[in-house]
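So you can see what is in the structure, the chains are spelled out below.
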Amino acid sequence: CVKEQHRTMSLSFNFQCFYWLLTKRLADEDDELSEVQPDAVPPEVREWLASTFTRQLATTRRKADEKPKFRSVAHAIRAGIFVDRIYRRVSNTALMQFPPDVVRVLKTLDEWSFDVFALSEAASSQPVKYLGYDLLNRYGMIHKFKVPPVTLETFLSRVEEGYCRHKNPYHNNLHAADVAQTVHYMLCQTGLMNWLTDLEIFATLVAALIHDYEHTGTTNNFHVMSGTETALLYNDRAVLENHHISASFRVIKDDECNILQNLSREEFREFRTLVIDMVLATDMSFHFQQLKNMKNLLTLAEPSVDKSKALSLVLHCCDISHPAKRWDLHHRWTMLLLEEFFRQGDKERELGLPFSPLCDRNNTLVAESQIGFIEFIVEPSMAVCSDMLEAILGPIHSSCKPTDSARESISEDAELDRTKNGATSSPQRSTKYKIKKPWTACLAENKKSWKEQAAKDAELRAQQQQQQNEESAATEE
């Protein structure tokens, strides 16, 4: 597989790359939930949005990263063009053996609505182990950073165990694998990897894999309100996110799991800083601030996007992306998440705490909550992320033009693969670079389905209320 990647990277491309001038304007951090009209969503849903996606605490901004380092077009396509060839050999070339059924499912890894449930079934409930190993191998990270394969396998197994520790319906190893695959889509199919160094790609993939490590199945607010040891340790600030990072790096510190053992001191510091930034940004209470800052930045004539902030937004969007996937996948994720909420509600009842929004299993508006989540959270997030990616990748796409010989060296199958994956073959034809957005249609279809369900639910509640009124009237008579 490594030989195949090297062969791909050896394609000769002549192109002109340039740096953007640094123009920075820090945006306001005001929450935007106040812009939601009071009658736009039911009170319970509005309360959930407010309690989950807003915050009161100020954050510390990092300094801007150094100017972007552009990579060759060969780097951009190496993860997609030779997929079939890679997977024909994966069970023979990878030191970790891949079961045939896992190989078969992983051949669809480039799809937006990848079925992680099918992967988990094929992988004997070890999706993180196989998907994580495959991604790091596919992007050449194992070779580039001299990661011992046995060490990587041990690390991924430990991560998988941590995700299963609390037996959560939603925040478990399937969710970790799903988010990592979605991050892969953003890196590979949009061309974002063309903007990043190998170390940044390595950090992004690992951050996705560990972003919810040892999640307790309860929210940050639950930890704060119930006064858990974790809340005390992290002073009520990004309680879970801090734990995910700290516990993951404690695993890496173990010699048999140290996938970073051959990084230089400088590489380790950069890697660690990026992972910390990305995982902390998955705290949902940072949501509106994160989107508003990026939107304001993109209004500049020549926006210079900080790499850490860009990758943080990508990971955040991938973390909440299941409503933007195929309906059967999204509906399954929704039911799992609600069960996790309801279990938290059961604990709150036992502790004498008030129910958190959507956590009362007897009084929750499922369809309405998903409509609100899509309209006010997911759709705006994916829109801003798309705009950011187009702003980042537009100049690279328009300035990197392969030579005729390089063009001829790409096989016809590869060209068909690029077309299938939404790559634009003639960047000079359009004035603005556009990425493929498969999530747009999924969001529209899923929102339509939930609205139909909401109407049915409302009709049923009306019938039940009428029946209760009639029974009450009959009793009075």
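Conventions adopted
Residues numbered from 1 in each chain as written. Predicted model: local features only at pLDDT ≥ 70, side-chain atom pairs only at ≥ 80, totals over all residues. Heavy atoms only, no water. Helix = DSSP H or I, 4+ residues; strand = E, 2+ residues; numbered from the N terminus. Buried < 20%, exposed > 50% of the residue type's maximum accessible area, 1.4 Å probe, protein only. Contact = heavy atoms within 4.5 Å. UniProt positions renumbered as here; feature names shortened; annotations may be inferred. Axes fitted to C-alpha atoms, helices over the stretch in contact; angles between N-to-C directions. Parallel < 35°, antiparallel > 145°, perpendicular 65-115°, else oblique. Left-handed = near helix turned anticlockwise from the far one by under 90°. Nonpolar A, V, L, I, M, F, W, Y, C, P; charged D, E, K, R; others polar. Polar contact = N/O pair within 3.5 Å; in protein donor to acceptor, adjacent residues only side chain to side chain. Salt bridge = Lys/Arg side-chain N within 4 Å of Asp/Glu carboxyl O. Phe/Tyr/Trp six-rings, centres within 6.5 Å; stacked < 30°, edge-to-face > 60°. Lys NZ or Arg CZ within 6 Å of the ring centre and 35° of its normal. Expected span 1.5 Å × (residues − 1). Core = buried A, V, L, I, M, F, W, Y, C linked by side-chain atoms within 4.5 Å. pLDDT = per-residue confidence, 0-100.

Some thoughts on the overall build of the chain
Phase 1: Counting its secondary structure elements, the chain contains 22 helices and zero strands.
Phase 2: Residues classed as buried in the chain amount to 54% of the 477 residues present.
Phase 3: Restricting to contacts in the chain with at least 6 residues of sequence separation, those with at least 24 account for 81%.

Here we look at the UniProt feature "binding site: AMP" (unreviewed entry) in the chain
Phase 1: Per the UniProt record, "binding site: AMP" (unreviewed entry) is found at His171, Asn172, Asn173, Leu174, His175, Asp212, Asp319 and Gln370.
Phase 2: Within the fold, Asn172 resides in the loop between α9 (149-164) and α10 (173-188).
Phase 3: The topology assignment puts Asp212 in the loop between α11 (198-210) and α12 (220-226).
Phase 4: In this structure, Asp212 is in contact with Tyr163, His171, His175, His244 and Asp319, ignoring residues within four places of it in sequence.

Some remarks on the packing of α10 against helix α17 (residues 307-319)
Phase 1: Close contact between α10 and α17 brings their axes to 9 Å; oriented N to C, the two are set at 130°. With respect to α17, the axis of α10 lies oblique. When the axes of α10 and α17 are compared, the crossing they make is right-handed. Along its contact with α10, which presents His175, Val179, Thr182, Val183 and Met186, the element α17 presents Val314, Leu315, Cys318 and Asp319.
Phase 2: Looking at the contact of α10 with α17 residue by residue, the classes come out as six nonpolar, two polar and one charged.

Digging into the side chain of Gln344
Phase 1: One can find Gln344 in helix α18 (residues 327-351).
Phase 2: In terms of polar contacts, Gln344 uses its side chain to reach the backbone amide nitrogen of Thr219, at 2.9 Å.
Phase 3: Apart from the residues lying within four places of it in its own chain, the contact partners of Gln344 are Gly217, Thr218, Thr219, Phe222, Ser356 and Cys359.

Topic: the pattern of salt bridges
Phase 1: In this structure the tally under the stated criterion is 17 salt bridges.
Phase 2: Its salt-bridge partner being Glu339, residue Arg343 comes within 3.1 Å of it at the nearest N-O pair. On the criterion of helical spacing, the pair formed by Arg343 and Glu339 is a turn pair, its members being four residues apart in helix α18.
Phase 3: A relative accessible area of 27% places Glu339 in the partly exposed class.
Phase 4: Linking Lys451 and Glu375 is a salt bridge whose minimum nitrogen-to-oxygen distance equals 3.6 Å. Residue Lys451 is found in helix α22 (residues 438-476), and its partner Glu375 is found in helix α19 (residues 366-399); the two are separated by 76 residues along the sequence.
Phase 5: Here Lys451 falls in the partly exposed class, since its relative accessible area comes to 42%.
Phase 6: Relative accessible area serves as the criterion here: at 25%, Glu375 is assigned to the partly exposed category.
Phase 7: A single salt-bridge network, built from bridges that share partners, covers Glu339, Arg343, Asp346, Arg349 and Arg361.

What about the environment of Ile142?
Phase 1: By the secondary structure assignment, Ile142 is in helix α8 (residues 141-144).
Phase 2: Here Ile142 falls in the buried class, since its relative accessible area comes to 12%.
Phase 3: Counting along the chain gives 117 residues from Ile142 to Ile259, while the straight-line C-alpha distance between them is 8.9 Å.

Focus on the packing of aromatic side chains
Given two aromatic rings, one states the distance between the centres and the angle between the planes to describe the pair.
Phase 1: Across all of its chains, the model carries 14 aromatic pairs by this definition.
Phase 2: Judged by centre distance (5.2 Å) and plane angle (70°), the ring pair of Trp112 and Tyr185 falls under edge-to-face. Of the two residues, Trp112 sits in the loop between α5 (100-106) and α6 (116-122) while Tyr185 sits in helix α10, which places them 73 residues apart along the sequence. Each member of the pair, Trp112 together with Tyr185, is buried.
Phase 3: Measuring from ring centre to ring centre gives 6.5 Å for Phe249 and Phe268, while their planes differ by 85°; the resulting arrangement is edge-to-face. Placement of the pair is Phe249 in helix α14 (residues 239-253) and Phe268 in helix α15 (residues 265-280), with a sequence separation of 19 residues.
Phase 4: Phe249 gets classed as buried once you look at its relative accessible area, which sits at 10%.
Phase 5: Among the residues examined, Phe268 registers a relative accessible area of 28% and is labelled partly exposed.
Phase 6: Taken together, the aromatic side chains of Trp48, Phe53 and Phe373 make up a single cluster linked through ring pairs.
Phase 7: Note that Arg272 overlies the ring of Phe249, its terminal NZ or CZ placed 4.7 Å from the centroid.
Phase 8: Its end group placed over the ring of Trp112, Lys325 keeps NZ or CZ at 5.0 Å from the ring centre.

Regarding α14
Phase 1: Given a rise of 1.5 Å per residue, 15 residues ought to cover 21 Å, and the 21 Å separating the end C-alpha atoms of α14 matches this to within 8%.
Phase 2: Where α14 is buried, its residues meet α9, α11, α12, α13 (229-233) and α15.

What to know about the nonpolar core
Phase 1: Counting 121 residues, the largest nonpolar core has Phe155, Phe202, Phe271 and Met388 as the members making the most contacts within it.
Phase 2: The biggest single contributor to this core is α19, with 15 residues.
Phase 3: Ignoring any residue separated from it by four or fewer positions in sequence, one finds Phe271 in contact with Leu199, Phe202, Ala203, Val206, Phe249, Leu260 and Leu263.

Side note on the confidence of the model for the chain
Phase 1: Overall, the predicted model of the chain reaches an average pLDDT of 83, with 76% of residues at or above 70.
Phase 2: Taken as a whole, residues 79-94 scores under 50 in pLDDT and shows 37 contacts with residues more than four places along the chain or in a different chain.

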